[in-house]
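So the chains spell out like this:
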Amino acid sequence: MSQRKLTISSLNARGLSNQSKRREVFQWPKRKKFSVFFLQEAYCTKETENIWRAEWGYGAIFSSYCSESAGVLHFI
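Computed from a predicted structure; not experimentally measured. (Residues numbered from 1 in each chain as written. Predicted model: local features only at pLDDT ≥ 70, side-chain atom pairs only at ≥ 80, totals over all residues. Heavy atoms only, no water.)

J.: Please explain the pairing of strand 2 (residues 36–40) as it appears in this structure.
T.: Consecutive side chains of a regular strand alternate in pointing toward one face of the sheet and then the other. When strand 1 (residues 8–12) meets strand 2, the two strands line up parallel, connected through 5 bridges. Paired with I8 across the two strands is V36, which belongs to strand 2. In this view, the connection linking strand 1 to its parallel neighbour strand 2 by way of helix 1 (residues 19–32) has right-handed handedness. (Pairing = 2+ DSSP bridges. Helix = DSSP H or I, 4+ residues; strand = E, 2+ residues; numbered from the N terminus. Right-handed = clockwise from strand over helix to strand, strands pointing away.)

Take a look at the structure:
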């Protein structure tokens, strides 16, 4: 029976509205092959969720921006 290693990482994105910054941030966990990747302060909104999900290309769970939160993404 083979075992897989679970790797988890987190990054404070400080906003991802800039497309080139977003592309760079999205590529980094793919290169590192993390199992789960969290992005804090992504400043995502309901309007950007589908766009960012498509750009990421894998599973993603969003906690979008509201008055108390800057938004969190959980990439799976």
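Next comes the rest of the write-up.
J.: Teacher, can you tell me more about unusual backbone geometry here?
T.: Negative phi values dominate among residues other than glycine, just as trans dominates among peptide bonds. A positive phi angle, near 55°, is found at R14, a position not held by glycine. Within the secondary structure, R14 is located in the loop between strand 1 and helix 1. Using a relative accessible area of 65% as the deciding quantity, one classes R14 as exposed. (Buried < 20%, exposed > 50% of the residue type's maximum accessible area, 1.4 Å probe, protein only.)

J.: What am I meant to see in the side chain of S9 here?
T.: Looking at the secondary structure, you find S9 in strand 1. Judged by relative accessible area, S9 falls into the buried class, the value being 12%. Leave out the neighbours within four places in its chain, and S9 touches W28, F34, V36, F37 and F38. (Contact = heavy atoms within 4.5 Å.)

J.: Which parts of the structure should I look at to understand the nonpolar core?
T.: Generally speaking, a soluble globular protein has its nonpolar side chains buried in company with each other. Judged by nonpolar contacts, A13, L16, V25, F26, F37, L39, A42, C44, W52, W56, A60 and F62 together constitute the single largest core of 12 residues. Those elements giving two or more residues to this core turn out to be helix 1, strand 2, helix 2 (46–56) and strand 3 (60–63). (Core = buried A, V, L, I, M, F, W, Y, C linked by side-chain atoms within 4.5 Å.)

J.: Explain the packing of aromatic side chains to me, please; I cannot follow it from the model alone.
T.: Remark: the centre distance and the inter-plane angle together describe each pair of aromatic rings, the angle taken between the planes. Under the criterion given, the structure shown has 5 aromatic pairs. Taken together, a centroid distance of 6.1 Å and an interplanar angle of 5° make the contact between F34 and F37 stacked. Classification of F37 by relative accessible area gives buried; the value is 1%. When the centroid spacing of 5.7 Å and the interplanar angle of 65° are considered together, the rings of W56 and Y58 count as edge-to-face. (Phe/Tyr/Trp six-rings, centres within 6.5 Å; stacked < 30°, edge-to-face > 60°.)

J.: Help me understand helix 2, please; the structure alone is not making it clear to me.
T.: Because each turn of an α-helix spans 3.6 residues, side chains separated by three or four positions in sequence point in the same direction. Residues T48, E49, W52 and W56 constitute the buried set of helix 2. Along helix 2, the residues classed as buried sweep out an arc of 115° about the axis, all on the same side. Helix 2 presents E47, N50 and A54 as exposed residues on the side facing more than 90 degrees away from its buried surface. (Arc of directions from axis to C-beta.)

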